[in-house]
Amino acid sequence: MNLESMYQEIILDHYRNPHHRGLRDPFDAEVHHVNPTCGDEVTLRVRLADDGSTVEDVSYESLGCSISMASVSVMTDLVVGKPLARATEAYDAFLALMRAKGDTGALVEADEELLEDAVAFEGVSKYPARIKCALLGWMAWKDATAQAVAADAGRDAMTEESA
Amino acid sequence: MSPLVTAPALDVEKVRKDFPALERLVHGDRPLVYLDNAATSQKPRQVLDALDDYYARHNANVHRGIHVLAEEATALYEGARDKVARFVNAAEPAEIVFTKNSTEALNLVSNVLGHAGPRGLGPGDEVVITEMEHHSNIVPWQLVTQRTGATLSWFSLTDEGRLDLSRIDSVITERTKVVSFVLVSNILGTVNPPEELVRRAHEVGALVVVDASQAAPHMPLDVQALGADLVAFTGHKMCGPTGIGVLWGRRGLLEELPPFLGGGEMIEMVTMATSTYAAVPHKFEAGTPPIAQAVGLGAAVDYLTALGMDAVHAHEQRITAYALERLQQVEGLRIIGPATTDQRGAAVSFAVGDLHPHDVGQVLDELGIAVRVGHHCARPVCLRYGVPATTRASFYLYNTEAEVDALVAGLEHVQRFFGPAAGGAR
């Protein structure tokens, strides 16, 4: 196994110069996720469009290893400004990639298109101890998005009641 | 803890031949450099043989049955207790309770102190621990104080990685019922001064519990000289198998405390309504115990005793001194914990510039160097020193100066790999 398969240049670039970093307003939900085995942490906010169809913004502060820091940066590139359905597809594809245990056949062309820079994490899936690092930001996004959607639904219900 | 000058030198090359795992190659052709001994030690052939012999020839349940194997198994199990008692200078083998590990030993103590009774905790009582405890000596006390309404307080740490005992008399008060502290920190390497803590705790009538998990494997441990009331340690960090730990307690105290787990083995007489309990130590050993593991621990104790704990300690002090000196030559490296071998064990935590320990450990692993990265089950220590985690190299009786050199060369490789922007002093 060689280390460059995990630490691809693209990953190190995102680690050194993370995209979409910082915590911004407004937001619909904020979550704090940790990886207790190594101390990686991320605080992440999600802002959905008023009709809930689009991911308007994802902002975050994170502390952790290069893999977790780069992964959250790459993730924001893939979801910010995208239709929620498309972002969720990317999430599912990334999860599948991490579960592939380095099986290169698992990555089909459709996923490559969907995952863009995130395909660089394929090598990480060979290292069981690091998969959690790569997933931290994605899990936080999924959680925050679910909360934002639920909050939206709650608001809609209230609006209907008051109507 | 002991005079170093009198210790006979350890023949490290000979010792290394006893440990099959040290002959392993990893990632193809890399010799294993095993520096994760604070997590668990490797096992010598003598311990592996004892386990094999037990299962191959003597396997039976203990303390019951009148057949040959049952008697042999019982003799081996109780023989291991005798060996452990001598190893820590217990007054008698009945003071040695076998547990699963240190964690279970500490939970045993905290749980039985949560019962009503003369020693039982309640509202207004205080338990005192320290900020450098392993989670296994924090969480059990959080659980029992929350359950009983007692209060948990702790000693904080100095910038040098020592206990701040400057206000000892106001931290340990007349309300303090238990003082529980680690003898040697698994993350900082600090050796704590038991005399001061024991003196003050006993002055106010508090029980003293000592977590000796990182002490028993590395230095002579004399529980009577220590002056504590209860001492916990684990077998797998001292060349023994996993699944076996020890709680030592003064006999009178063990007799006074209520049982922990109920079941077979720990009883004297059972009726449908109530039971009476076996004498110590069996009162605390419900169910079929870890027999093979105890036998393996006995073999580990024999192995360490034959080498001499003074010699083991002297060797580790030498390696640690060399490691501290060499590590501090690495640019941007910061030791988290005491920077000299004065009152210090063989676990050395450090930060390499801004590099995350997980990345450091990953690249070292590729070179065959096994270190631990993370918060080492001592997250409050990481918070105290403002690091998310540390990289930790921890040495044992079989480590060499050449392995320290390999670590240092590995760290320089790590810095080149991630580039100066990430690894240097930014």
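Residues numbered from 1 in each chain as written. Chains lettered and ligands numbered in written order. Predicted model: local features only at pLDDT ≥ 70, side-chain atom pairs only at ≥ 80, totals over all residues.

Novice: Quick question: what am I supposed to make of the domain arrangement of chain B here?
Specialist: You'll often see interface size given as the accessible area lost when the parts meet. Residue and element names in this part refer to chain B. Structurally, chain B comprises domain 1 (12–31 + 308–423) and domain 2 (48–305). Relative to domain 2, the C-alpha centre of domain 1 lies at a distance of 29 Å. Opposite the 23 residues of domain 1 that make contact, domain 2 presents 21 residues. Of all the secondary structure elements, the ones that give two or more residues to the side of domain 1 that touches domain 2 are helix 11 (309–327), strand 14 (347–352), helix 13 (379–384) and strand 17 (390–394). At five residues, the largest contribution of residues to the side of domain 1 that touches domain 2 is made by helix 11. When its residues are assigned to classes, the side of domain 1 that touches domain 2 shows 11 nonpolar, seven polar and five charged. (Domains from an automatic or database assignment. Contact = placed C-beta atoms within 7 Å. Helix = DSSP H or I, 4+ residues; strand = E, 2+ residues; numbered from the N terminus. Nonpolar A, V, L, I, M, F, W, Y, C, P; charged D, E, K, R; others polar.)

Novice: Looking at this model, I keep getting lost on unusual backbone geometry. Mind explaining?
Specialist: Peptide bonds are, in most cases, trans, and in most cases residues other than glycine have a negative phi. Put simply, A:Asp25 and A:Pro26 share a cis peptide bond, and its omega is -5°. Along the chain, the position of A:Pro26 falls in the loop between helix 1 (9–16) and strand 1 (29–35). Residue B:Val280 is joined to B:Pro281 through a cis peptide bond whose omega torsion reads 5°. For B:Cys239, which is not a glycine, the phi torsion comes out positive at approximately 75°. Mapping B:Cys239 onto the fold places it in the loop between strand 9 (230–234) and strand 10 (245–249). Its 29 C-beta neighbours within 10 Å are what place B:Cys239 among the buried residues. The backbone phi angle of B:Glu265 is positive, close to 80°, even though this residue is not glycine. Relative to the helices and strands, B:Glu265 is located in the loop between helix 9 (251–256) and strand 11 (267–270). Judged by the 18 C-beta atoms lying within 10 Å of it, B:Glu265 is partly exposed. (Buried ≥ 20, exposed ≤ 12 C-beta atoms within 10 Å, placed from the backbone.)

Novice: Would you mind showing me how to read the sheet that holds strand 2 (residues 40–48) of chain A here?
Specialist: Adjacent strands of a sheet pair through backbone hydrogen bonds, lying either parallel or antiparallel. All names here are of chain A. If you walk across this open sheet you meet the three strands as 1-2-3, and the pairing is antiparallel. Both outer strands of the open sheet, strand 1 and strand 3 (55–63), are each paired with one neighbouring strand and no more. Pairwise comparison of adjacent strand axes, ignoring direction, gives a mean angle of 20° for this sheet. Strands strand 1, strand 2 and strand 3 of the sheet are contacted by helix 2 (residues 66–79), whose axis makes an angle of about 175° with strand 3. (Pairing = 2+ DSSP bridges. Axes fitted to C-alpha atoms, helices over the stretch in contact; angles between N-to-C directions.)

Novice: Looking at this structure, how should I read the sheet that holds strand 17 of chain B?
Specialist: Residues and elements named next belong to chain B. Sheet architecture is open: four strands sit in the order 13-14-17-16, paired in antiparallel fashion. Two strands close off the open sheet at either side, each with one partner strand: strand 13 (333–336) and strand 16 (372–374). On average, each strand axis in the sheet is tilted by 30° relative to the strand beside it, whichever way the strands run. Both strand 13 and strand 14 contribute to a ladder of four bridges, which runs antiparallel. By the bridge assignment for strand 14, Leu 333 is matched with Val 352.

Novice: It is not clear to me how the packing of helix 4 (residues 102–112) of chain B against helix 5 (residues 139–148) of chain B should be interpreted in this structure. Could you clarify?
Specialist: All names here are of chain B. At a closest axis distance of 9 Å, the pairing of helix 4 and helix 5 adopts a crossing angle of 15°. Classified by the angle their axes make, helix 4 and helix 5 are roughly parallel. For the crossing formed where helix 4 meets helix 5, the hand is right-handed. Across from Leu 106, Asn 107, Ser 110 and Asn 111 in helix 4, the residues of helix 5 making contact are Pro 140, Trp 141, Leu 143 and Val 144. Residue classes in the contact of helix 4 with helix 5 are distributed as five nonpolar, three polar and no charged. (Parallel < 35°, antiparallel > 145°, perpendicular 65-115°, else oblique. Left-handed = near helix turned anticlockwise from the far one by under 90°.)

Novice: Quick question: what am I supposed to make of the environment of B:Pro44 here?
Specialist: All names here are of chain B. By the secondary structure assignment, Pro 44 is in the loop between strand 3 (33–34) and helix 2 (45–58). The exposure class assigned to Pro 44 is buried, which follows from the 26 C-beta atoms found within 10 Å. Along the sequence, Pro 44 and Glu 331 sit 287 residues apart, while their C-alpha atoms lie 36 Å from each other. Non-local contacts of Pro 44, meaning those with residues more than four positions away in its chain, are made with Asp 18, Phe 19, Cys 239 and Tyr 303.

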